[in-house]
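The chain contents come next:
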Amino acid sequence: MKFVGAQEWVPSRGGLPSLETALPACRGCDLWEEAEQVVPGDGPAKARMMLVGEQPGDVEDKEGRVFVGPAGRLLDKALAEAGIARDDVYVTNAVKHFRFERRGKRRIHKTPAVSHIIACGPWLTRELQIVKPSLVVVLGSVAARSLLGTTFRVTQHRGEPVELPDGTAAVATVHPSSVVRSEEYRRDFGLFVDDLRAAAALLE
Ligand code: URA
Ligand code: SF4
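Note that the structure is a prediction, hence the values are computed from the model and not measured.

Caption draft 1: Just the overall build of the protein chain, in detail. If you tally the helices and strands in the protein chain, you get eight helices and seven strands. At 16 Å, the protein chain has a C-alpha radius of gyration in line with the 17 Å of a compact globule built from 204 residues. The buried share among the 204 residues of the protein chain stands at 52%. Across the protein chain, every contact between residues at least 6 apart in sequence was considered, and the portion connecting residues at least 24 apart equals 73%. Accessible surface computed for the protein chain: about 10,400 Å², of which carbon and sulfur atoms make up 49%. For the protein chain, the distance from the average site of its 27 positive side-chain charges to the average site of its 27 negative ones is 3 Å.

Caption draft 2: Quick peek at the site of ligand 2. Neighbouring residues of ligand 2: C26, G28, C29, W32, V95, K96, H97, A119, C120 and W123. Assessed atom by atom at 2 Å from the grid points, ligand 2 resides in the largest cavity. Class assignment of the residues belonging to the shell around ligand 2 gives a composition of seven nonpolar, two polar and one charged.

Caption draft 3: Quick look at the environment of L16. Structurally, L16 can be placed in helix α1 (residues 16-22). As a C-alpha pair, L16 and Q156 span 140 residues in sequence and 33 Å in three-dimensional space. Not counting chain neighbours up to four residues away, the residues in contact with L16 comprise G43, P44, A45, Y90, I130 and V131.

Caption draft 4: Spotlight on the sheet that holds strand β2 (residues 90-93). A sheet is described by the order of its strands in space; here five strands give the open sequence β2-β1-β5-β7-β6, paired in mixed fashion. The open sheet has two free edges, formed respectively by β2 and β6 (161-163), since each of these has just one partner strand. Direction aside, the axes of adjacent strands within the sheet are offset by 30° on average. Direction of pairing for β6 relative to strand β7 (residues 169-173): antiparallel, over a ladder of three bridges.

Caption draft 5: Geometry of the side chain of E127. Considering the arrangement of structural elements, one finds E127 in helix α4 (residues 114-131). Residue E127 is classed as buried on the basis of its relative accessible area of 2%.

Caption draft 6: The nonpolar core, seen in detail. Counting residues in hydrophobic clusters, the biggest one holds 38 residues, and the most contacted among them are V52, W123, V136, V138, L147 and L148. For this core, the elements supplying multiple residues, two or more each, are α1, β1 (49-53), α4, β5 (135-139), α5 (141-148) and β7. Ranked by the residues each element gives to this core, the list is headed by α4, at eight residues. Excluding residues that lie within four positions of it along the chain, W123 makes contacts with A6, W9, V10, P11, L19, A22, L23, C26 and K96. In terms of nonpolar packing, the next biggest core, distinct from the first, is built from 27 residues, F67, L74, V91 and L203 among them.

Caption draft 7: Just the packing of α4 against α5, in detail. Close contact between α4 and α5 brings their axes to 9 Å; oriented N to C, the two are set at 70°. Between α4 and α5, the interaxial angle falls into the category roughly perpendicular. In this structure, the crossing between α4 and α5 has a hand that is right-handed. Residues V114, I117, L124 and L128 of α4 pack against V142, R145, S146 and L147 of α5. In terms of residue class, the contact of α4 with α5 is built from six nonpolar, one polar and one charged.

Analysis parameters
- The written sequence of each chain sets the order in which its residues are numbered from 1.
- Numbering of ligands from 1 and lettering of chains from A proceed in the order in which they are written.
- Two thresholds apply to this predicted model, a pLDDT of at least 70 for residue-level local features and 80 or more for giving and counting side-chain atom pairs, whereas whole-chain, interface and lining totals are computed over all residues.
- In computing side-chain values, all of the structure's heavy atoms are included and hydrogens and water are not.
- The way it works is that DSSP assigns letters per residue, a run of H or I at least four long becomes a helix, a run of E at least two long becomes a strand, and they are numbered from the N terminus.
- All radius of gyration figures rest on C-alpha atoms, and the globule criterion is 2.2 Å times the number of residues raised to 0.38.
- Partly exposed residues are those whose accessible area sits between 20% and 50% of the maximum for their type, while under 20% is buried and over 50% is exposed, using a 1.4 Å probe and protein chains only.
- Whether two residues touch is decided by their heavy atoms; if any such pair falls within 4.5 Å, the residues are in contact.
- Using the Shrake-Rupley algorithm and a 1.4 Å probe, accessible areas are obtained, with residue cover drawn only from the displayed protein chains.
- Under the counting rule used here, the positive set is Lys and Arg, the negative set is Asp and Glu, and His together with the chain ends is not counted.
- Where a charge lies is defined by one atom per residue type, namely NZ (Lys), CZ (Arg), CG (Asp) and CD (Glu).
- The near set for a molecule or strand comprises every residue that places at least one heavy atom within 4 Å of it.
- Both site types are read off a 1 Å grid over the protein atoms alone. A 1.4 Å probe that fits but cannot get out defines a cavity, while an open set with protein on both sides within 12 Å along at least five of seven lines defines a pocket; lining residues have an atom within 4 Å of a point.
- Whether a molecule lies in a cavity or pocket depends on its atoms, and more than half of them have to be within 2 Å of the grid points.
- In this classification, the charged set is Asp, Glu, Lys and Arg, the nonpolar set is Ala, Val, Leu, Ile, Met, Phe, Trp, Tyr, Cys and Pro, and all remaining amino acids, among them Gly, are polar.
- A pair of strands counts as paired when DSSP detects no fewer than two bridges linking them.
- For helices, the fitted line uses only the C-alpha atoms of the stretch in contact; every axis is such a line through C-alpha atoms, and the angle between N-to-C directions lies from 0 to 180 degrees.
- Nonpolar cores were defined as sets of buried Ala, Val, Leu, Ile, Met, Phe, Trp, Tyr and Cys residues, with membership established by side-chain atoms within 4.5 Å.
- Note on angle classes: values under 35 degrees are labelled roughly parallel, values over 145 roughly antiparallel, values of 65 to 115 roughly perpendicular, and the remainder oblique.
- Each crossing gets its handedness from the near helix: less than a right angle anticlockwise from the far helix is left-handed, clockwise is right-handed.

By themselves, these are just geometric observations and shouldn't be taken as functional.
This is how it looks when you write it as structure tokens:
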């Protein structure tokens with residue numbers, strides 16, 4: 001499926017509040033139809049570090065805020081361990097609406113397609129233009145597809161300094177939900193914290 005994309009809904013002027021105001025009207029792909037609401041990014045407009053996740057989860061879709069569910073709790077814990085204050089970073093997602101499948105009463109996360117990632121890209125591009133982070137932390141393969149292209153492999157390059165196409169410094173790592181689900185939680189949590197520490201070190 002090819003979508004029109006978000007471009008015509010993205011304001012070309014104004015700061016983060018202009019994005020929050022404009023986001024609910026977006027019809028750039030089909031994900032708005034089933035989701036409860038759009039979930040904007042959150043954090044200071046002057047943040048030096050921007051974290052980019054995948055898409056809102058079940059809890060985020062209900063509450064309208066990024067990373068407030070299980071993955072968000074893990075992210076908070078890992079940031080604290082890495083010495084990064086969550087209030088200092090800007091946190092957002094590659095895709096702004098929750099994609100899921102209904103199984104009975106449950107809503108099961110479904111990975112956004114490349115067409116959704118491309119359609120939603122203009123919102124992320126505009127956030128990057130406004131915040132102008134010194135460093136972007138790419139959380140998982142969907143964010144990597146959006147920011148680093150479809151051939152980039154997070155597992156091969158996690159924790160390494162890389163660059164976005166516009167030259168912004170970046171570090172890719174796994175998505176926090178993969179750590180939540182891990183059978184080797186202690187190891188994988190430690191590796192995730194190591195990557196966040198490597199990212200923080202690049203800011204110094
Ligand atoms: N996973 C994400 O990638 N983003 C959220 O906001 C929540 C879970
Ligand atoms: Fe628009 Fe992104 Fe939502 Fe699709 S997922 S409707 S492009 S905000």
